Amino acid sequence: MQRKIIWSLIFVLIVGLSGFFFLKNNLNEIVREAIIFYGSELTKTTVKLEEVQINLKEGKAEFEDFILGNPASFQSKYALKFEEVKLDIDTSSIFDDNVIIEEITFDDVDIRYEKNKSTTNFDVIKNNTNSSLSNLASAEIKNAPSSEIENESHAKKKFTIKRLVISDAEVEVWLPLLGNKKIELDLPDIELRNIGLTQGGVSPEELTKILVEAIEKHLVTNIDLEQLESKIKKEVNRIKGQVDKIKELENIEDIEDLEDIKDDVEDVIDNLEKLF
């Protein structure tokens, strides 16, 4: 009997060690695939991530070449792209229910801020994320036994992020009336602090929602698409007006009027160049 118990314990130990080394050796790929799957499900776009490097001992993680695709009704290939994101993790909290992340930094961020006839790509992504989270919450409550509903929040890993920074972000503004021409702008850095601090952490899904909303809000605050469109339309109409004046010139004696028109057109071109 004792021999059976000993062999059972040895078997459990071997299985446990095998599971540990499998997780240790495949952790990067497991996390990469989870980000791709759940990111795509939440935002209803195509998410790509080239590489994940995690060092639990040092509390460091790096994600490389992340792409958040655009919703189907938009032209540009993606909405968000970054070359690198770094995480600095409090190692003492790695196995806790609430993991403390000291800092997350996004570098070399490329944003495509696109408007179609009625809305923007980031507004659609934000709404998709909110809708997915609402559906997820409803499904969890519906499927959970009543005795587990109260403790549901304790079953998942949550995260508290002390500081999150998106720096060196470049924005390409896509507007329907510009055709293939894009307006390139630099976006001020985004900094968020103490995410999840007061509610005992946030889930990965909630963190995605917070990140998308922060970017969308920053874009709306710093880039007035309506005003930009208005300025472009105004200058285009000025050019059309000068073209009409040229058509009305009857002979070469109107050369002074032609010079005035030329000066006005050059002024319009200068104003448009400032937008780009």
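All figures in this text were calculated on a predicted structure; none of them were measured in a lab.

Re the overall build of the chain
A count of helices and strands for the chain gives six helices and eight strands. Along its sequence from the N terminus, the chain presents helices and strands in the succession α-β-β-β-β-α-α-β-β-β-β-α-α-α. Within the chain, buried positions represent 35% of all 276 residues. In the form shown here, the chain has an accessible surface area of approximately 17,600 Å², with 53% of it arising from carbon and sulfur atoms.

With respect to the packing of aromatic side chains
A complete count under the given rule lists three aromatic pairs for this structure. When the ring of Phe37 is compared with that of Tyr38, the centres are 5.0 Å apart and the planes differ by 85 degrees; the resulting orientation is edge-to-face. Look at Phe37 and you get partly exposed, because its relative accessible area is 47%. Ring geometry for Phe82 against Phe106: centres 5.2 Å apart, planes inclined by 80 degrees, an arrangement best described as edge-to-face. Taken as a pair, Phe82 in strand β3 (residues 78-89) and Phe106 in strand β4 (residues 98-114) lie far apart in primary sequence, 24 residues in all. For Phe82, a relative accessible area of 5% translates into the label buried. The structure contains a cluster of three or more aromatic residues connected by ring pairs, namely Phe66, Phe82 and Phe106.

Concerning the layout of surface pockets
The calculated volume of the largest pocket comes to roughly 1,800 Å³. Where the lining of the largest pocket is concerned, the elements lending two or more residues are α1 (2-43), β1 (47-55), β2 (60-69), β3, β4, β5 (158-166) and α4 (204-222). Examining the composition of the lining of the largest pocket, we find that 14 residues originate from one element, α1, more than from any other. Classifying every residue of the lining of the largest pocket by side-chain character gives 36 nonpolar, seven polar and five charged.

A few points about the nonpolar core
Grouped together as the largest cluster of nonpolar side chains are 41 residues, with contacts concentrated most on Phe106, Ile111, Ile215 and Leu219. With seven residues, β4 is the single largest residue contributor to this core. Residues within four places of Ile215 in sequence aside, it is in contact with Leu80, Ile111, Phe122, Ile166 and Ile190.

Describing the environment of Phe66
Locating Phe66 in the fold gives a position in strand β2. For Phe66, a relative accessible area of 13% puts it in the buried group. Those residues in contact with Phe66 that sit more than four places away from it in its chain are Ile35, Val47, Lys48, Leu49, Leu80, Lys81 and Phe82.

What to know about the pairing of strand β6 (residues 169-174)
Counting buried positions along β6 gives five out of six residues, so the element sits mostly inside the fold. Relative to β6, β4 runs parallel, the two sharing six bridges. The residue of β6 that forms the bridge with Val109 is Ala169. For β6 and strand β7 (residues 183-187), the ladder comprises five bridges, and the chain directions are antiparallel. Note on β7: the bridge partner recorded for Ala169 is Leu187.

A few points about the confidence of the model for the chain
Taken as a whole, the chain shows an average pLDDT of 76; of its residues, 63% reach a score of 70 or greater. Helix α3 (residues 146-149) is the least confidently modelled element of the chain, averaging 45 in pLDDT, while strand β8 (residues 190-195) averages 95, the highest of any element. Contacts of residues 2-23 to residues separated by more than four positions or lying in other chains number one contact, the stretch itself having pLDDT below 50. Counting contacts from residues 146-154, a segment whose pLDDT is below 50, to residues more than four positions away or on other chains yields five contacts.

Calculation criteria
Residues numbered from 1 in each chain as written. Predicted model: local features only at pLDDT ≥ 70, side-chain atom pairs only at ≥ 80, totals over all residues. Heavy atoms only, no water. Helix = DSSP H or I, 4+ residues; strand = E, 2+ residues; numbered from the N terminus. Buried < 20%, exposed > 50% of the residue type's maximum accessible area, 1.4 Å probe, protein only. Areas by Shrake-Rupley, 256 points an atom, 1.4 Å probe, with all protein chains shown as cover. Phe/Tyr/Trp six-rings, centres within 6.5 Å; stacked < 30°, edge-to-face > 60°. 1 Å grid on protein atoms, 1.4 Å probe; cavity = no way out; pocket = protein on both sides within 12 Å on 5 of 7 lines; lining within 4 Å. Points joined across faces, edges and corners; volume = space filled by probe spheres on them. Nonpolar A, V, L, I, M, F, W, Y, C, P; charged D, E, K, R; others polar. Core = buried A, V, L, I, M, F, W, Y, C linked by side-chain atoms within 4.5 Å. Contact = heavy atoms within 4.5 Å. Pairing = 2+ DSSP bridges. pLDDT = per-residue confidence, 0-100.

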